[in-house]
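Here is what each chain is made of, one letter per residue.
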Amino acid sequence: MEQKYKVGIIGATGMVGQRFITLTDNHPWFETVVLAASSRSAGKTYAEAVGSRWAMESEMPAWAKDMVVMDAEADVEKIAAMVDFVFCAVDMKKEEIKALEDRYAKAECPVVSNNSAHRWTPDVPMVVPEINADHIKVIDAQRKRLGTKRGFVAVKSNCSLQSYVPALHPLLKYGVEKALVCTYQAISGAGKTFETWPEMVDNVIPYIGGEEEKSEQEPLKLWGHVDGDHIANAEGPAITAQCLRVPVSNGHMAACFMSFKEKPSMEQIKSDWAAFSGRAQELNLPSAPKQFLHYFEEDNRPQTKLDRNLENGMAVSIGRLRPDTQYDYKFVCLSHNTLRGAAGGAVLLAELLCAEGYIDHIQ
């Protein structure tokens, strides 16, 4: 690629924004030229704005330290003129996020969002590139509604379902009738570390606001199809979920139970997982894992500490597939919530949109 895409990160000081910075550092296609945050941070250098809140394992890249932070709300038009697209990971009320993302889109700036605000907008594609890459076609209808040529909003799904939905996806052909899932979610999913959330040490909290509804409903949009000017949701399978916050820094685990119309053998399921790949692998996108689903035969895997960083944190680990007394089978799975789940999933989506011609260079 001769010319890199110029990228803005909106909400750059938060945990997901920080992750976007580390992922675009030395990215083969993307160069971050704008960092934007709230008016509190605007006008400061990025290093000053973040202060002691840098939460990544790697050091803050030198280019980011001295970049002056722009105002995510006041500078929309200015930012839109400087970048080919933006990543959005702001911490605001849902209606405010919707309005802000629409403003960028209407300023002819494509938005690849980590936020949940637009996930249920019927003509906004919510995409896991290995699962429903074809949903990006609905962008044509969205542009018509917004009256834009370049601008649109595309979102990634909730991080909690990016472990079990990829595992269920290749098995849908056997008629998955219902699934029960319990998720065990890391504290970084709340934008926290053990330093900032000491009450999570040695503790489990059996509630994460809004998470169970998202875990049950969002898969139906992922498994839906483009129907003219909107995404029509799938009818099933029916999913019931229980979501717990556990004392882990990164990595969302799920215990999943499933029943089928035509029950496959365990060998069949494992070979379907091993063989599964999607559009991201076909296009050989820079952030795509070579092998999306990894199955571990050991009884005590996957483990969060050992397996969350598999394939740069972009693969899903699965283990403990076995028959169940009430459902047909059960298994355990794991994905890295800020890599595959949040920022990395959005970077992969942006790569897909560039490769498929939905994002181009402004000049």
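Right, let's walk through the structure included here. (Residues numbered from 1 in each chain as written. Predicted model: local features only at pLDDT ≥ 70, side-chain atom pairs only at ≥ 80, totals over all residues. Heavy atoms only, no water.)

**Regarding the pattern of salt bridges**
Heads up, the condition is: In the sections that follow, a salt bridge refers to a side-chain nitrogen of Lys or Arg positioned within 4 Å of a carboxyl oxygen of Asp or Glu. Helix and strand definitions follow DSSP, with helices as H or I runs of at least four residues and strands as E runs of at least two, each counted in order from the N terminus. Summary of the burial criterion: residues with accessible area below 20% of their type's maximum are buried, those above 50% are exposed, and those between are partly exposed, where the area comes from a 1.4 Å probe applied to protein chains only.
Here the structure, examined in full by the defined rule, presents eleven salt bridges. Two residues, Lys173 and Asp272, come together in a salt bridge whose shortest N-O distance is 3.2 Å. Highlighted residues: Lys173 in the loop between helix 8 (164-168) and strand 7 (176-185) and Asp272 in helix 10 (residues 266-275), separated in sequence by 99 residues. The buried category is assigned to Asp272, whose relative accessible area is 14%.

**Concerning the sheet that holds strand 10 (residues 238-245)**
We apply this condition: One requirement defines pairing of two strands: DSSP has to find at least two bridges between them. Working convention: axes come from line fits to C-alpha atoms, limited for helices to the stretch in contact. Angles between N-to-C directions cover 0 to 180 degrees. Whether two residues touch is decided by their heavy atoms; if any such pair falls within 4.5 Å, the residues are in contact.
The strand order 10-7-11-14-13-12 describes an open sheet built from six strands, whose pairing is mixed. Because the sheet does not close on itself, it has two edges, and the strands there are strand 10 and strand 12 (293-296). Strand-to-strand twist in this sheet, taken as the mean axis angle between neighbours without regard to direction, amounts to 20 degrees. Judged from the five bridges that link them, strand 13 (residues 316-323) and strand 14 (residues 329-335) form a sheet pairing that is antiparallel. Its bridge partner being in strand 14, Ile318 is matched across the sheet by Cys333. Against the sheet, helix 10 touches strand 11 (252-260), strand 12, strand 13 and strand 14, its axis set at about 175 degrees to strand 13.

**Topic: the environment of Ala81**
Note that Ala81 resides in helix 4 (residues 76-82). You can call Ala81 exposed: its relative accessible area is 54%. When the C-alpha atoms of Ala81 and Glu199 are compared, they prove to be 44 Å apart, with 118 residues separating the residues in sequence.

**Comments concerning the environment of Ile205**
Inspection of the secondary structure puts Ile205 in the loop between strand 7 and helix 9 (211-222). Taking the C-alpha atoms as reference points, Ile205 and Trp54, 151 residues apart in sequence, are found 25 Å from one another.

**Description of the sheet that holds strand 2 (residues 30-37)**
If you walk across this open sheet you meet the six strands as 3-2-1-4-5-6, and the pairing is parallel. The sheet is open, and its two edges are formed by strand 3 (70-71) and strand 6 (153-155), each paired on a single side. Two strands pair when backbone bridges link them, and strand 2 and strand 3 are joined in this way by two bridges, in the parallel orientation. Bridge assignment links Ala36 to a residue of strand 3, and that residue is Met70.

**What to know about the pairing of strand 11**
Burial analysis of strand 11 places eight of its nine residues in the buried class, the great majority of the element. Summarising the sheet, strand 7 and strand 11 pair through eight bridges and their orientation is antiparallel. Of the residues in strand 11, the one forming a bridge with Tyr184 is Met253. As paired strands, strand 11 and strand 14 are joined by seven bridges and run antiparallel to one another. Bridge assignment links His252 to a residue of strand 14, and that residue is Ser335.

**Observations regarding the nonpolar core**
Inclusion rule: Definition used in this section: a nonpolar core is a set of buried Ala, Val, Leu, Ile, Met, Phe, Trp, Tyr and Cys residues joined via side-chain atoms within 4.5 Å.
Core analysis: the biggest nonpolar cluster contains 57 residues, and Ile10, Ile79, Tyr104, Tyr164, Met258, Trp273 and Phe331 have the highest contact counts within it. Residue contacts for Ile79: discarding those within four places in its chain leaves Ile10, Val34, Ala36, Met70, Asp71, Val86 and Tyr104. Residues Ala37, Tyr46, Trp54 and Val112 belong to the second largest nonpolar core, which totals 47 residues.

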